[in-house]
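# Architecture at a glance
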Amino acid sequence: MPLELAEMGNNIDINKVIRQHLEMERFFTGFALRGKAETLEQQEQEDSMAVAEKTSELEKIAEQANQCRKCELGSLRTNSVPGEGNSNARIMFVGEAPGADEDAQGRPFVGRAGQLLDKIIEACGLKRSDVFIGNILKCRPPENRDPRAEEIISCLPYLQRQIEIIEPEIIVALGAHAAKTLLNTTKPIGQLRGQFHEYYAGLGRPPVKLMATYHTAYLLRNYSQENRRRVWEDMKKVLVELGLPIPK
Ligand code: URA
């Protein structure tokens, strides 16, 4: 193969090519479908039916997580914590695993780390109900120990399916466990945070932009101005990418 061609091949960003292809396909399909909804009202009705379908699919996953016994955490939990929020969210936050408060209530990020996440969401000019909040593990590891590989392998399909259904524009991975798992990398969070990566969403699906940042529990333990500034810088990039205003 001529050298320039080989070099060109090396420079092709395969994710970009797939994304462009899918965007084109979506454009033409959308164009064809748009003919079906003749009025704004009909379009709104179709949209709300699509959201209702997403909500019902997410409820099915929550039910499966509630019944799950694929790893030992299933028999140790008080409640599973499948995740909650807007089924049509543009942003999806993904943490590590439920802690004691989350296990007690069956809801994600409701303890101290969750209260800080709420503040970050508010600082972005958003409400908790605008976003979806989930975790890599749906059940609490004893004493909040790190997730084990076999637990992640058992549990990850639930999150992957949630991402498929919600189709967020951006995933914000909170902390090393979420970022490394979703990006399939061993790089430390210090290297991953602050830039957009691509989450591979499966064959035939466009990759999802992923911003890695510090976990709010880490931020609470290391509450320096520098770390807070870093997280805010990361979130500002997310807002810019979504075309949302940056509150003063
Ligand atoms: N930490 C997490 O990673 N997830 C939660 O839901 C709560 C704390």
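Coordinates for the structure precede this section.
Below: a short report on this structure. (Residues numbered from 1 in each chain as written. Predicted model: local features only at pLDDT ≥ 70, side-chain atom pairs only at ≥ 80, totals over all residues. Heavy atoms only, no water.)

### Structural notes on the site of the ligand
Put simply, the rule is: Working definition: residue near molecule or strand if any one of its non-hydrogen atoms lies within 4 Å of it. In protein, a polar contact means a hydrogen-donor-capable atom and an acceptor-capable atom, both N or O and within 3.5 Å, with residues adjacent in sequence counting only if both atoms are side-chain atoms; elsewhere, any N or O pair within 3.5 Å suffices. Using the Shrake-Rupley algorithm and a 1.4 Å probe, accessible areas are obtained, with residue cover drawn only from the displayed protein chains. Each residue is assigned to one class: nonpolar for Ala, Val, Leu, Ile, Met, Phe, Trp, Tyr, Cys and Pro, charged for Asp, Glu, Lys and Arg, and polar for all the others, Gly among them.
The environment of the ligand is made up of Gly-95, Glu-96, Ala-97, Glu-102, Pro-108, Phe-109, Asn-135 and His-215. A distance of 2.7 Å separates an oxygen atom of the ligand from a polar backbone atom of Glu-96. Here an oxygen atom of the ligand sits 3.0 Å away from a polar atom, N or O, in the main chain of Phe-109. About the coverage of the ligand: the protein hides 92% of its 230 Å² of free accessible area. Partitioning the shell around the ligand into residue classes produces three nonpolar, three polar and two charged.

### Quick look at the pattern of salt bridges
Here is the rule: Take a side-chain nitrogen of Lys or Arg and a carboxyl oxygen of Asp or Glu: if they are within 4 Å of each other, that pair is a salt bridge. Here a strand is any run of E in DSSP of at least two residues, a helix any run of H or I of at least four, and the numbering for each starts at the N terminus. Three exposure classes are used, based on accessible area relative to the maximum for each residue type with a 1.4 Å probe and protein chains only: buried under 20%, partly exposed in between, and exposed over 50%.
Scanning the entire structure with this criterion turns up 17 salt bridges. When the shortest N-O distance is used, the salt bridge between Lys-54 and Glu-167 registers 3.7 Å. One end of the pair, Lys-54, is in helix α3 (residues 40-67); the other, Glu-167, is in the loop between α7 (149-166) and β4 (170-174), with 113 residues separating them in the sequence. Among the residues examined, Lys-54 registers a relative accessible area of 13% and is labelled buried. Note that Arg-193 and Asp-234 form a salt bridge whose closest N and O atoms lie 2.8 Å from each other. On the criterion of sequence distance, the pair formed by Arg-193 in the loop between α9 (189-192) and β5 (196-199) and Asp-234 in helix α11 (residues 225-241) is long-range, its members being 41 residues apart.

### Brief notes about the packing of aromatic side chains
Condition: Aromatic rings from Phe, Tyr and Trp, with only the six-membered ring used for Trp, were paired whenever their centres fell within 6.5 Å, and each pair was classed as stacked if the ring planes differed by under 30 degrees, edge-to-face if by over 60, and tilted otherwise. Only when the NZ atom of a Lys or the CZ atom of an Arg is both within 6 Å of the ring centre and within 35 degrees of the ring normal do we say a charge sits over the ring.
What the rule picks out here adds up to one aromatic pair. Measuring from centroid to centroid gives 4.8 Å for Tyr-214 and Tyr-218, while their planes differ by 45°, and the two rings are tilted. Look at Tyr-218 and you get partly exposed, because its relative accessible area is 30%. For Arg-193, the ring lying beneath its charged end belongs to Tyr-214, and the centroid distance is 5.6 Å. The lysine or arginine in question, Arg-228, covers the ring of Tyr-223, its NZ or CZ lying 4.3 Å from the ring centre.

### Examining the pairing of β4
Where we set the bar: In this analysis, strands are considered paired if DSSP registers two or more bridges between them.
Of all the five residues making up β4, five are buried; the element is thus mostly covered by neighbouring parts of the structure. Judged by which residues are buried, β4 turns out to be covered on both faces: Ile-170, Val-172 and Leu-174 on one side and Ile-171 and Ala-173 on the other are all buried. Of the pairings in the sheet, the one linking strand β2 (residues 91-95) to β4 comprises four bridges and is parallel in character. Across the sheet, Met-92 pairs through a bridge with Ile-171, a residue of β4. Alignment of β4 against strand β6 (residues 208-213), held across five bridges, turns out to be parallel. Bridging across to β6, Leu-174 finds its partner in Thr-213.

### Topic: the nonpolar core
When a protein is soluble and globular, its nonpolar side chains tend to lie buried together. For the record, the criterion: In these notes, a set of buried Ala, Val, Leu, Ile, Met, Phe, Trp, Tyr and Cys residues joined through side-chain atoms within 4.5 Å is what counts as a nonpolar core. Contacts are residue-level and defined by heavy atoms, with any inter-residue pair within 4.5 Å sufficient.
Counting residues in hydrophobic clusters, the biggest one holds 54 residues, and the most contacted among them are Phe-93, Ile-136 and Leu-182. A total of eight residues in this core trace back to one element, the largest contributor, which is α7. The contacts of Phe-93, once residues within four sequence positions are left out, are Leu-117, Ile-121, Val-131, Phe-132, Ile-133, Gly-134, Val-172, Leu-174 and Met-235.

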